[in-house]
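So you can see what is in the structure, the chains are spelled out below.
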Amino acid sequence: MLLRRFTRSLWNTSRFEKRFLVSEPAKPEPDLLDGVEPVQAEALDKDICLLVDEKDNIIGTAPKKDCHKVGPDGSILLHRAFSLFLFNKRGDMFLQRRSSQKVTYPDYYTNACCSHPLLIDGKPEDIITAARRRVNFELGIPMEQLDPELFTLLTRVHYHDPGDGVWGEHEIDYILFLQADVKVKPNPNEISEYCYVPKNEFNAFLPTLEGPITPWLNMVRRHRLKLWWDNLHRLKELAEPDKIHKFLNEK
C-alpha cells in the first residue's frame, strides 16, 4: 500500500468558482478576469511574456493574459516558458497540486514550478533567473538555496494545449531539473497540496490522484522522465539545450 500523501496548505483558501467551462460561451474580454484572485489578475495584466517563433527566436511581447487566451479558431500566442522538476537528495520528485484559484489548469497536479521568463526593464529575462524568481515566489524556497549552478537545462519542448477552451497553453517550454534539499513554504495562492514521490512509487501513485495532471507534465512523463530520473547523477551528459522537441500529449 502506498503511504505517500499530499500535504495540504495550512491556509484555508476558498474554492475558486469555475466560471470558464468549455460548454459555456466565452465571455467578452473585459469579463475574463471577473472573480479572479487579485494577485493573479494583476499578474495576468502586468507580466509581459516573450513571444517567439517555432525556432524560439523572440518576435515580440504580450501580457500574460493575451498569451493564454484561446482564440475563436483555437489559436494561442506562442511564447517562452519553463518547467522545473525538483528532486531531493534521495531522488524523490516534488509533485504539487495547482491552487483552485489558478486561472489555467486549476486543481491539476504538476511538477514543482511552471512559469515564464518576462520582459523586465526592457530586457528579456534569463531562464535560470526567471526560474529562481518564480520558485522563490511559489514554493517559498529561499534564494540562497537556489544556486544557479544547481539548475540543469535538459531540452526545450514545443506544445499546444487548448485547456478549457478559454485559457490554454502554447509554449516553447525549457525543461529544468534541480536536485537539492531545500526548505519549502508554498504560496497558497499557487499551490494547495504537495509531496515528494519516490521513483519506484510514481507510476502507482498517479492513478490515486484526485484530479488530472497538466499536459506538460504528461508529455515529459511519457517521453523523457524515466530516462532523466534514472540519471540524476549525470544529467549534463543527457542535456540537449539546443533542441526543440514536439511531444504529443497522449494519455
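- The name given to the protein in an unreviewed UniProt entry is isopentenyl-diphosphate Delta-isomerase, with Danaus chrysippus as the source organism.
- One UniProt comment on the protein, placed under Function (unreviewed entry), says "Catalyzes the 1,3-allylic rearrangement of the homoallylic substrate isopentenyl (IPP) to its highly electrophilic allylic isomer, dimethylallyl diphosphate (DMAPP)."

### What about the overall build of the protein?
Piece 1. Counting its secondary structure elements, the protein contains 7 helices and 13 strands.
Piece 2. Here the protein holds 251 residues, and 52% of them are scored as buried.
Piece 3. As displayed, the protein offers around 12400 Å² of accessible surface, 52% of which is attributable to carbon and sulfur atoms.

### Overview of the pattern of salt bridges
Piece 1. Overall, the coordinates contain 17 salt bridges when judged by the stated rule.
Piece 2. Close ionic contact of Lys102 with Glu190 constitutes a salt bridge, the shortest N to O distance being 2.6 Å. With Lys102 in the loop between strand 5 (93–98) and strand 6 (109–110) and Glu190 in the loop between strand 11 (169–179) and strand 12 (191–197), this residue pair connects regions lying 88 residues apart in the sequence.
Piece 3. Connected through shared salt-bridge partners, Lys102, Arg134, Glu138 and Glu190 make up one network.

### A few points about the nonpolar core
Piece 1. The biggest cluster of nonpolar side chains holds 29 residues, and the ones touching the most others in it are Phe85, Met93, Phe177, Leu225 and Trp228.
Piece 2. When residues of this core are assigned to their parent elements, the largest contribution, 4 residues, is made by helix 5 (residues 215–223).
Piece 3. For Phe177, the residues in contact, after removing those within four places along its chain, are Leu84, Phe85, Phe87, Leu150, Phe151, Thr152, Leu154, Leu225, Trp228, Leu232 and Leu235.

### Focus: the environment of Gly168
Piece 1. Mapping Gly168 onto the fold places it in the loop between strand 10 (151–161) and strand 11.
Piece 2. Residue Gly168 is classed as buried on the basis of its relative accessible area of 0%.
Piece 3. Other than its neighbours up to four places away in sequence, Gly168 contacts His68, Val70, Ile76, Tyr105, Asp161, Pro162 and Gly163.

### Regarding the side chain of Asp56
Piece 1. On the secondary structure map, Asp56 appears in the loop between strand 2 (48–52) and strand 3 (58–63).
Piece 2. When its relative accessible area of 6% is taken as the criterion, Asp56 is described as buried.
Piece 3. In terms of polar contacts, Asp56 uses its side chain to reach the side chain of Arg156, at 2.9 Å.
Piece 4. A distance of 2.3 Å separates polar atoms of two side chains, one belonging to Asp56 and the other to Tyr174.
Piece 5. In contact with Asp56, other than residues within four places in its own chain, are Arg80, Arg156, Ile172, Tyr174 and Ile244.

### Structural notes on the pairing of strand 11
Piece 1. Where burial is concerned, most of strand 11 is hidden: 10 out of the 11 residues are buried.
Piece 2. In this sheet, strand 11 lies alongside strand 4 (residues 79–87) in parallel orientation, the contact comprising 9 bridges. From the neighbouring strand, Phe87 faces strand 11, where its bridge partner is Gln179.
Piece 3. Taken together, the 10 bridges between strand 10 and strand 11 define a ladder with antiparallel strand orientation. The residue of strand 11 that forms the bridge with Asp161 is Glu169.

The rules we used
- Residues numbered from 1 in each chain as written.
- Predicted model: local features only at pLDDT ≥ 70, side-chain atom pairs only at ≥ 80, totals over all residues.
- Heavy atoms only, no water.
- UniProt positions renumbered as here; feature names shortened; annotations may be inferred.
- Helix = DSSP H or I, 4+ residues; strand = E, 2+ residues; numbered from the N terminus.
- Buried < 20%, exposed > 50% of the residue type's maximum accessible area, 1.4 Å probe, protein only.
- Areas by Shrake-Rupley, 256 points an atom, 1.4 Å probe, with all protein chains shown as cover.
- Salt bridge = Lys/Arg side-chain N within 4 Å of Asp/Glu carboxyl O.
- Core = buried A, V, L, I, M, F, W, Y, C linked by side-chain atoms within 4.5 Å.
- Contact = heavy atoms within 4.5 Å.
- Polar contact = N/O pair within 3.5 Å; in protein donor to acceptor, adjacent residues only side chain to side chain.
- Pairing = 2+ DSSP bridges.

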